[in-house]
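# Structural characterization, general
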There are 2 protein chains.
Amino acid sequence: MLSKDLVAASAVPLVLSVLTEGENYGYALIQRVRELSGGKIEWTEGMLYPVLHWMEKEGFIESEWREGETGRKRKYYRMRQEGRKALQEEKQQWMSVHETLTKLWKQQPRST
Amino acid sequence: MLSKDLVAASAVPLVLSVLTEGENYGYALIQRVRELSGGKIEWTEGMLYPVLHWMEKEGFIESEWREGETGRKRKYYRMRQEGRKALQEEKQQWMSVHETLTKLWKQQPRST
DNA sequence: TTGACATACCTAACATTGCAAGGCATAACA
DNA sequence: TGTTATGCCTTGCAATGTTAGGTATGTCAA
């Protein structure tokens, strides 16, 4: 189980990244992320939907109600140009932290 | 400037990782992390001290008041065994997310 | 045809939380 | 003597996140 903070920090970059695979809808995003992470990342709907709404308000993504292969109505989300820019920014931020961490992890631990 | 969420998610692993370099005190941790990140990670004291207190309460680290090279009293923090365990766990969580993200970033983006 | 379950979306409200802002103290230096 | 950098701490309120609930439809088995 991932920590709350890590789930929060990774939500937007993950949604944007998954949408680079092509449009998708909320319920399926949860499953896709679970699948990609090997079951380690478990999103709840109550966490995801507000994030999607916020991202749409920000202009990162846009949505459209459509029927999928089943007869069900689904709200499909698609990347917008703003979203691609945001993803670039998110990537950089993530990598900044990642590089800082790995720099430390590679060091020989010195005893105190 | 890093997002609030990312700062929160990385605080504990970063503190633990920096302390593997040897004991250190709060004020210097802020500077060390700034330095390691090339100025990208800017912690505030109001954010760090409560985290240090929490980590001590959890038994990850222990503290001791001492005088440094200057005449100043400083509160030095040192890793405990619990902290090393916590760091291992944090590493794994971080890497889970990181691998999920990089998996997506490596993919050929398909157009919608 | 009825019930159960999976799919699919949404939000209100409450508890939790984070952090800006302030306070305190000392050393260094001009 | 005033200012800046160092060094630690906490309060209080704003911002936040998650739980829990609601709605609806398709599918399948009994």
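Structure first, text after, so check above.
An account of the accompanying structure is given in this report. Along every chain, residues carry numbers that run from 1 in the direction the sequence is written. Written order determines the labels here, with chains lettered from A and ligands numbered from 1. For a predicted model such as this one, the threshold for reporting local features is a pLDDT of at least 70, and the threshold for listing and counting side-chain atom pairs is 80 or more; totals across whole chains, interfaces and linings nevertheless cover every residue.

### Brief notes about the interface of chain B and chain A
C-beta atoms are placed from the backbone for every residue, and two residues are taken to be in contact when these atoms lie within 7 Å. Listed as interface residues are 35 residues of chain B and, on the opposing side, 35 residues of chain A. When contributions to the side of chain B that touches chain A are tallied by element, the ones reaching two or more residues are helix 1 (4-19) and helix 4 (81-106) of chain B. For the side of chain B that touches chain A, the element with the most residues is helix 4 of chain B, which contributes 11 residues. Split by residue class, the side of chain B that touches chain A holds 15 nonpolar, 12 polar and eight charged. Helix and strand assignments come from DSSP, with helices taken as H or I runs of at least 4 residues and strands as E runs of at least 2, each series counted from the N terminus. Note on residue categories: nonpolar means Ala, Val, Leu, Ile, Met, Phe, Trp, Tyr, Cys or Pro, charged means Asp, Glu, Lys or Arg, and polar means any other residue, Gly included.

### Some remarks on the protein's contact with DNA strand D
As a matter of local geometry, DNA strand D sits amid 26 residues, with A:Lys4, A:Gly46, B:Tyr25, B:Gly26 and B:Tyr27 nearest to it. At five residues, helix 3 (residues 45-57) of chain B tops the list of elements feeding residues into the surface near DNA strand D. By residue class, the composition of the surface near DNA strand D is nine nonpolar, nine polar and eight charged. Near, for a residue, is defined by distance from a backbone-placed C-beta atom to a molecule or strand, with 6 Å as the limit that must not be exceeded.

### Considerations on the sheet that holds strand 3 (residues 73-79) of chain B
In a beta sheet, neighbouring strands are held together by backbone hydrogen bonds and run either parallel or antiparallel to one another. Residues and elements named next belong to chain B. Paired strands, as defined in this entry, are two strands with at least two bridges between them according to DSSP. Sheet architecture is open: three strands sit in the order 1-3-2, paired in antiparallel fashion. With partners counted over all chains shown, the strands left at the sheet margins are strand 1 (24-25) and strand 2 (61-67), one partner each. Of the pairings in the sheet, the one linking strand 2 to strand 3 comprises seven bridges and is antiparallel in character. Across the sheet, glutamate 67 pairs through a bridge with lysine 73, a residue of strand 3. On top of the sheet, helix 1 reaches strand 1, strand 2 and strand 3; it is set at about 95° to strand 3, its chief contact. The axes are straight lines fitted to the C-alpha atoms, using for helices just the contacting stretch, and the angles between their N-to-C directions are given from 0 to 180°.

### Topic: the packing of helix 1 of chain B against helix 4 of chain B
Residue and element names in this part refer to chain B. Relative to each other, helix 1 and helix 4 sit at 130°, their axes nearing to 9 Å. Viewed along their axes, helix 1 and helix 4 adopt a mutual orientation that is oblique. Considering how the two elements wind past one another, helix 1 and helix 4 form a crossing that is left-handed. For the pair formed by helix 1 and helix 4, the contact residues are Val12, Pro13, Leu16 and Ser17 on the first element and Gly83, Ala86, Leu87, Glu90 and Trp94 on the second. Considering only residue class, the contact of helix 1 with helix 4 consists of six nonpolar, two polar and one charged. The cut-offs work like this: below 35 degrees is roughly parallel, past 145 is roughly antiparallel, 65 to 115 is roughly perpendicular, and the gaps in between are oblique. Put simply, a crossing is left-handed when the front helix is turned counterclockwise from the back one by less than a right angle, and right-handed when it is turned clockwise.

### Description of the relation of the copies chain B and chain A
Turning chain B through 180° and shifting it by 0.0 Å along the axis lays it on chain A, with an RMSD of 0.0 Å. The two molecules are tied by a two-fold rotation axis, judged by turn and shift. Both copies share a contact surface, since 100% of the interface residues of chain B are interface residues in chain A too. Here the copies are matched by least squares. The fit uses the C-alpha atoms of residues with pLDDT of at least 70 in both.

### A few points about the protein's contact with DNA strand C
In the vicinity of DNA strand C there are 25 residues, among which A:Tyr25, A:Gly26, A:Tyr27, A:Gly46 and B:Gly46 approach most closely. Contributing elements (two or more residues each) for the surface near DNA strand C: helix 2 (26-36), helix 3 (45-57) and strand 3 (73-79) of chain A together with helix 1 and helix 3 of chain B. No other element matches the five residues that helix 3 of chain A contributes to the surface near DNA strand C. When the residues that make up the surface near DNA strand C are grouped by side-chain class, the tally is nine nonpolar, nine polar and seven charged.

### Things to note about the packing of helix 1 (residues 4-19) of chain A against helix 2 of chain A
Residue and element names in this part refer to chain A. Running from amino to carboxyl end, helix 1 crosses helix 2 at an angle of 95°, the nearest separation of the two axes being 11 Å. In terms of orientation, helix 1 lies roughly perpendicular with respect to helix 2. From helix 1, Leu14, Val15 and Val18 reach across to helix 2, where they touch Leu29, Arg32 and Val33. For the contact of helix 1 with helix 2, a count of residues per class yields five nonpolar, no polar and one charged.

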